Amino acid sequence: MALSRLRRSIAGLLLALPLLATAQDWKPERTVEYIVPAGAGAALDTAAREIKTLIDRDKLLPVPMLVVNKPGGAGMVAMGALAAKPGDGHLLATLTHSSINNKLVGEVSLGYEDFTPLAILFDEYITVAVRADSPIRSGRDLVETLRKNPAALSIGVATSIGNHIHAAIAKPLQVAGVDIARLTVVPYKSSAESMTNLLGGHLDVVSASAINVVPQLKAGKIRVLAVASTERLGGDLAGVPTWREQGVDAVYASSQGLQGPKGMTLAQIAFWEGVLRRISATPEWNAFLARNYWRPRFMGAAEAVKYLDSEAEGARALLGELHLLKKQP
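Residues numbered from 1 in each chain as written. Predicted model: local features only at pLDDT ≥ 70, side-chain atom pairs only at ≥ 80, totals over all residues. Heavy atoms only, no water.

**Remarks on the overall build of the protein chain**
A tally of helices and strands in the protein chain yields 11 helices and 10 strands. Over its C-alpha atoms the protein chain spans a radius of gyration of 21 Å, differing by no more than 12% from the 20 Å that the globule rule assigns to 329 residues. Principal-axis analysis of the C-alpha atoms places the extent of the protein chain at approximately 60 × 55 × 40 Å. For the protein chain, buried positions account for 50% of its 329 residues. (Helix = DSSP H or I, 4+ residues; strand = E, 2+ residues; numbered from the N terminus. Rg over C-alpha atoms; globule rule 2.2 N^0.38 Å. Buried < 20%, exposed > 50% of the residue type's maximum accessible area, 1.4 Å probe, protein only.)

This is how it looks when you write it as structure tokens:
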């Protein structure tokens, strides 16, 4: 038995050697630009700067890294900058799950297929909230109300119809038998704005990422009905049940990672995958994720592409039910 384990270990090492050798064949020679499709202080920016902090601390690069904010156009400004430099291993950008939906609905013309996914790093989960005085007291109440009349309640999302925030509430409602094409969905510029309108009585329900509901939940102003995760989140959201706990077998994760320009070499991909894998294993990174109610989920480049392809297929089906798919020419 011990000999068998040893042979498997040796075989695994031999399989890894080509990748390790490839990673050593390339390293950045000038300043690396890390493009973030959001403004300073946004969640995407916060994650990017934590990655840079850990890279700098552990001296994982032989050159400086510069975080560059390029918000606008539902990510198109950032993606345009990345698309302009094919094969450049000195240019990285945030890879967002929302880019899948944004391309399918026609909001942007570029998606992960037009770049080189390097790694998935973590999952973000979306919650559903109502005012504290709402007669809707649980996910089951919400489902029953919307089964009878899908347009009965106004649902706020940020920042656009058909995006991951919209999909995260549409999916469990669809699974529960609600006609999701008839929902009354109202887009806002940010989750802060949708939450303000919920508290002001202009909305009945808000779909928002976990971290965005915590302040009002702690203040006792809202009730969080459900979270679309596999298990309950921790901290101030530990009391929020999952959809599955309420009889709706639905999970929806919005993943985040990094990508590079199209045409990167295997050596460049291997280098960045190795750097990001090392970061994802640090206690500091995992503590950072926990503070933001994010769940670690590392996938290397090849696995990330398979995952994104699968997610795109699911998104296409869901957006089709919502009648939001862009017609192909």
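Structure shown, so let's carry the discussion forward.
**Brief notes about the nonpolar core**
Ranked by size, the top nonpolar core spans 42 residues in total, and within it Leu142, Leu146, Leu173, Val205 and Trp243 carry the most contacts. Looking at this core, the elements with two or more residues in it are helix H4 (98-104), strand S4 (116-131), helix H5 (139-148), strand S5 (154-158), helix H6 (164-175), strand S8 (222-227) and helix H11 (301-321). Per-element tally for this core: the top contributor is H11, with seven residues. For Trp243, the residues in contact, after removing those within four places along its chain, are Val128, Gly139, Leu142, Val143, Pro172, Leu173, Ala226, Val227, Ala228, Val248 and Ala250. If you look at the next biggest cluster of nonpolar residues, it comprises 35 residues, including Tyr34, Leu44, Ala47 and Leu276. (Core = buried A, V, L, I, M, F, W, Y, C linked by side-chain atoms within 4.5 Å. Contact = heavy atoms within 4.5 Å.)

**Describing the pairing of S4**
Of all 16 residues making up S4, 15 are buried, and the element is well covered by its neighbours. Across eight bridges, the pairing between S4 and strand S9 (residues 253-260) is antiparallel. Residue pairing across strands places Glu124 opposite Ser254, the latter belonging to S9. Across four bridges, S4 lies against strand S10 (residues 294-299) in antiparallel orientation. Looking across to S10, one finds that Phe122 is bridged to Pro296. Across four bridges, the pairing between S4 and strand S7 (residues 205-209) is antiparallel. Counterpart to Thr127 in the pairing with S7 is Ala208. (Pairing = 2+ DSSP bridges.)

**Some remarks on the pattern of salt bridges**
Think of it this way: side chains of opposite charge can pair up when their charged atoms draw near. The full count for this structure, using the stated rule, is 15 salt bridges. Between Asp58 and Arg57 there is a salt bridge; the shortest N-O distance is 2.8 Å. Residue classification places Asp58 among the partly exposed residues on the basis of a relative accessible area of 29%. Take Arg57: its relative accessible area is 40%, and that puts it in the partly exposed class. With its nearest N and O atoms 2.6 Å apart, the salt bridge here joins Arg147 to Glu144. (Salt bridge = Lys/Arg side-chain N within 4 Å of Asp/Glu carboxyl O.)

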